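One-letter residues, chain by chain:
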Amino acid sequence: MPTRLFPTQEIGSLPRDRAFLNLIKRQPVTLEQKVSALSWGQLIGIEDLPKYKQAVWNLSTGEDKELAREFGILFAIRFIEHLGYDRVWNGEWPRTEMYDYDVEHVGGFRRLGWQESYDGRRYMKRALTAPIEYRDSEYYVEEYSFVQDHAKRQVKIPITDPHTIQTWSADHYHLPRYLTQENDWILARLKAAREFTLDYARKITVNHIRRIAKERKDNTPVIIQLDGPAAVTQKNEYERKLLKRAGFSLPIYVEMLNETTPPIDGINYHVHSCLNHYRLWLPYLLEVKSIEQFSIETANGDSDQPGTTEKERIGRGFEFIRLAKEHGFKKRIGVGVASTFEGATPPKPEVVRDRILYAAKVLEDPEQVVATLDCGQRALDLQTAHQIGIAVNLGAQMARDAFEKMYGYDSAKAVSA
Amino acid sequence: MASFGACVIGKYPRSDQTWDAVKRHQTDPSPKTLSALEEANRDDSRAFIRLQKEQQMSPIIDGSLDWDDLLKPYTGSLEGVRVGGIERWYETNTFYYTPIITGRVGSREPILLRYTRVADLNSSQRPWAASLVSPYTFSRLAKNHHYRSRDELMFDLAEAQAEDLKAFKAEGCSQVHILEPEPAVREILGLNLDKDERHQWREAIRTLLKKSNLTSGLFLCYGDASTLIDDLLDFSVDYLGFDLARTPAESLAQHTFSKGLMLGALYSDISLQADLLEEEPGRIASLVRKVLPASDGGSQKIYLTPNHELSTVSTRGEADQRLKSLSRALRILQGAS
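Residues numbered from 1 in each chain as written. Chains lettered and ligands numbered in written order. Predicted model: local features only at pLDDT ≥ 70, side-chain atom pairs only at ≥ 80, totals over all residues. Heavy atoms only, no water.

In this section: the pattern of salt bridges. Counting across every chain of the model gives 51 salt bridges over all chains. Close ionic contact of A:Arg202 with A:Glu259 constitutes a salt bridge, the shortest N to O distance being 3.0 Å. Here A:Glu259 lies in helix α11 (residues 252–260) and A:Arg202 lies in helix α9 (residues 185–215), a separation of 57 residues in the sequence. In this structure, B:Arg316 and B:Asp320 form a salt bridge, with 3.3 Å as the shortest nitrogen-oxygen distance. Of this pair, B:Arg316 and B:Asp320 both sit in helix α12 (residues 316–336), separated by four residues, roughly a single helical turn. B:Asp320 shares its class with B:Arg316; the two are buried. Linked by salt bridges that have partners in common, B:Glu91, B:Asp243, B:Arg246 and B:Asp269 make up one network. (Salt bridge = Lys/Arg side-chain N within 4 Å of Asp/Glu carboxyl O. Helix = DSSP H or I, 4+ residues; strand = E, 2+ residues; numbered from the N terminus. Buried < 20%, exposed > 50% of the residue type's maximum accessible area, 1.4 Å probe, protein only.)

Shown next as structure tokens:
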């Protein structure tokens with residue numbers, strides 16, 4: 001699907017505004033929440049607002065509940081489009097969180113207990129205790145069908161990658177066997193992690209992707225974004241000596257990417273990873289053939305000053321971009337132009353512009369640069385997400401204009417997505 | 001011949017009951033739910049102290065259960081520091097708030113004492129330890145908008161933390177565990193510390209300890225510290241601690257240590273179910289024996305510990321089980337020594 005220079009995209013999740021969350025869950029909505037939801041709907045110009053207004057206002061009958069739910073999810077889609085992003089999803093509003101949503105529908109896991117995340121946040125850690133089993137779940141397909149029917153922009157579906165699922169789970173199924181075979185528990189963990197990851201990829205994630213591909217209408221391409229926050233966390237998975245001892249030719253993460261991304265008509269693959277030291281990725285990412293775009297976190301840790309030199313662009317994501325250039329990395333890079341951590345404030349559009357221009361300068365190819373957010377926006381409020389969207393899309397347009405002015409580049413020229 | 005002890009380091013996981021109280025307070029931030037949360041934290045910490053006593057841990061710790069992260073008491077309380085965005089805590093799926101340095105760092109009064117359950121620790125009638133993140137690691141994880149160099153920041157931090165240790169000593173604390181992930185992690189990432197940086201690091205640890213004279217352990221985790229060992233021998237600490245999941249026991253065995261050792265032989269990054277938990281004490285003891293040549297046949301003490309704090313990789317149920325493994329490993333080694 002053709003798009004413009006420096007396309008923009010968010011990563012996946014939107015703030016779970018209480019009003020919309022209750023609409024989606026078909027739970028009672030307070031008067032204040034109804035007013036808030038409907039005024040947001042008016043602001044972003046949601047179609048058929050009168051129809052939905054009645055449903056939201058009279059949230060009581062079964063039919064009204066379905067309409068109110070539809071309004072909630074439609075709102076997320078229109079919110080993203082209204083801000084000018086080129087790719088769209090449902091804000092992950094139907095999802096509890098990125099680990100649990102995927103694993104809870106898969107056979108072979110049991111709950112272990114609450115695991116700390118940060119501050120007062122936690123997630124339900126699960127242990128794999130039996131063979132991984134695909135349960136023919138419809139949840140991704142249901143999400144996709146609705147978005148496909150309503151989106152006006154290219155659809156991008158975030159799915160948590162199997163390597164992250166494995167890293168965040170306990171393994172009481174594969175690991176015990178390896179622990180009894182290997183004296184070295186580090187080696188045992190590595191071997192078990194590979195088996196778990198690739199098994200999950202083959203039995204679960206690829207199945208989800210094939211199901212989504214079948215649902216496509218009118219041959220419209222769809223992007224599958226594999227979310228991998230754990231991609232580079234286990235540093236010994238990238239140690240050459242250990243890989244050799246284990247008999248692996250590639251790190252588990254890289255092998256997983258190749259395994260999870262079979263060529264399927266109309267499916268384009270992206271990767272997103274944040275809060276990591278990306279330097280370990282190279283040169284291994286050069287071995288990954290099927291991923292078109294790698295989106296990374298660059299705004300977090302960067303200076304908030306405008307400028308297109310190494311002095312201002314100090315985030316470790318920019319270090320990765322410089323290394324990527326040195327290694328001859330030719331894939332598209334999603335450059336995080338706005339932080340989205342809890343408490344983040346919208347960036348100045350000039351800073352967004354310069355983050356884009358700096359990346360284009362380093363890579364010496366503007367078509368390699370996509371303006372993304374650092375991560376999902378669940379920890380923000382809707383107002384902040386709105387302001388970030390405005391700044392990002394304004395900054396991206398400023399970058400297009402600047403590029404045209406500086407280099408005579410025709411920014412209206414369509415580039416392939 | 002070496003003697004053995006066992007202890008837990010850093011932050012310990014909250015119980016599910018405490019998590020429920022956290023959740024209730026988040027949903028309804030009222031004085032009533034706050035009071036219930038404080039009560040849950042207190043009870044949880046006391047239960048953890050009891051468990052350590054039962055399992056012969058010494059020194060004991062309070063588990064820092066209500067800290068948001070290991071840096072947060074300082075990030076939220078030091079002058080010249082404000083709370084920034086979140087960053088991943090090394091190899092885990094947990095995060096810390098980045099300290100943003102906006103002015104000269106300091107404190108008019110001790111900070112950590114306010115965040116430590118001193119009364120409960122003292123009433124346990126056991127030696128107890130305080131835990132803190134070292135000035136080196138803190139200064140490297142911070143976002144510096146004020147100092148000309150990170151080393152200047154590190155020394156101001158060390159001065160402020162030294163006041164904390166002095167206050168701890170006055171309150172009956174007997175040991176300090178200094179958590180030091182950053183140098184070993186930098187070695188893995190190829191961002192190796194040069195000679196001058198190693199010297200400054202050592203001096204910062206000296207500054208940290210100079211006012212209290214507490215028995216001290218410097219614990220290097222989340223990375224392979226093999227290449228740092230020669231320098232570490234000159235540090236003014238009583239114990240050197242290593243994450244044996246990342247620093248090979250064989251590397252340690254090649255050195256002769258004149259200091260005590262804290263051996264992170266409990267591989268907490270993996271989760272074990274019942275049958276393997278049975279085998280774990282033997283595994284821990286066997287790993288520790290691999291390092292024994294390093295103890296110089298002297299009279300130093302060797303502590304068995306988890307390979308890093310447990311809150312970042314374990315649920316409470318898992319952590320309690322593993323603590324018992326550590327205790328059983330201790331009994332195996334005591335029988336053998």
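Picking up after the structure, the text goes on.
On to the packing of helix α6 (residues 139–150) of chain A against α9(A), then. Residues and elements named next belong to chain A. For the pair α6 and α9, interaxial distance at closest approach is 9 Å and the crossing angle is 30°. One element, α6, and the other, α9, form an angle in the roughly parallel class. Crossing of α6 against α9: the hand is right-handed. Where α6 approaches α9, its residues Tyr-139, Tyr-140, Val-141, Tyr-144, Ser-145 and Gln-148 are matched on the opposing element by His-208, Arg-211, Ile-212 and Glu-215. Across the contact of α6 with α9, the residue classes break down as five nonpolar, three polar and two charged. (Axes fitted to C-alpha atoms, helices over the stretch in contact; angles between N-to-C directions. Parallel < 35°, antiparallel > 145°, perpendicular 65-115°, else oblique. Left-handed = near helix turned anticlockwise from the far one by under 90°. Contact = heavy atoms within 4.5 Å. Nonpolar A, V, L, I, M, F, W, Y, C, P; charged D, E, K, R; others polar.)

Our focus in this paragraph is unusual backbone geometry. Here A:Leu282 and A:Pro283 are connected by a cis peptide whose omega angle stands at 10°. Residue B:Ser58 is joined to B:Pro59 through a cis peptide bond whose omega torsion reads 5°. Checked against the element boundaries, B:Pro59 lands in the loop between α2 (31–54) and α3 (72–77). Of note, the phi angle at B:Gln56 is positive, near 65°, even though the residue is not glycine. If you trace the backbone, B:Gln56 turns up in the loop between α2 and α3. The residue B:Asn213 is not glycine, and still its phi comes out positive at about 60°. Structurally, B:Asn213 is set in the loop between α8 (195–209) and β7 (215–220).

We now examine the state of the cysteines. Throughout this description, disulfide means a covalent bond between two cysteine sulfur atoms. Residues and elements named next belong to chain A. Counting across every chain of the model gives zero disulfides over all chains. Considering cysteine sulfurs only, Cys-375 is the nearest to Cys-274, which forms no disulfide, with 3.5 Å between them. When its relative accessible area of 5% is taken as the criterion, Cys-274 is described as buried. For Cys-375, a relative accessible area of 27% translates into the label partly exposed. (Disulfide = S-S within 2.5 Å.)

Quick look at the packing of aromatic side chains now. Residues and elements named next belong to chain A. Throughout the structure, instances matching the rule amount to 40 aromatic pairs over all chains. Between Phe-109 and Tyr-200 the ring centres are 6.3 Å apart and the planes differ by 75°, which places this aromatic pair in the edge-to-face class. In this pair, Phe-109 sits in strand β4 (residues 107–118) while Tyr-200 sits in helix α9, placing the two residues 91 residues apart along the sequence. Comparing Phe-109 with Tyr-200, the two get one shared label, buried. With a centroid separation of 5.3 Å and an interplanar angle of 45°, the aromatic rings of Tyr-278 and Trp-281 are classed as tilted. Under the relative-accessibility criterion, Tyr-278 is labelled buried at 1%. Looking at Trp-281, the relative accessible area reads 0%, which means it is buried. Through pairs of rings, three or more aromatic residues link up here, namely Phe-20, Trp-40, Tyr-52, Phe-71, Phe-75, Phe-79 and Trp-93. (Phe/Tyr/Trp six-rings, centres within 6.5 Å; stacked < 30°, edge-to-face > 60°.)

Between chain A and chain B, the contact holds 41 residues from the first and 39 residues from the second. With both sides pooled, the region where chain A packs onto chain B buries about 4,000 Å², and carbon together with sulfur makes up 53% of that total. Summed over the shared surface of chain A and chain B, the number is four salt bridges. In this structure, the salt-bridge partner of B:Glu87 is A:Arg316, at a minimum N-O distance of 2.9 Å. At the junction of chain A and chain B, the tally comes to 17 residue pairs in polar contact (both at pLDDT 80 or more). Looking at the side of chain A that touches chain B, the elements with two or more residues in it are β4, β5 (121–133), β7 (170–171), α8 (175–181) and α9 of chain A. Ranked by residues supplied to the side of chain A that touches chain B, first place goes to β4(A) with seven residues. (Buried area = accessible area lost by both parts, 1.4 Å probe. Polar contact = N/O pair within 3.5 Å; in protein donor to acceptor, adjacent residues only side chain to side chain.)

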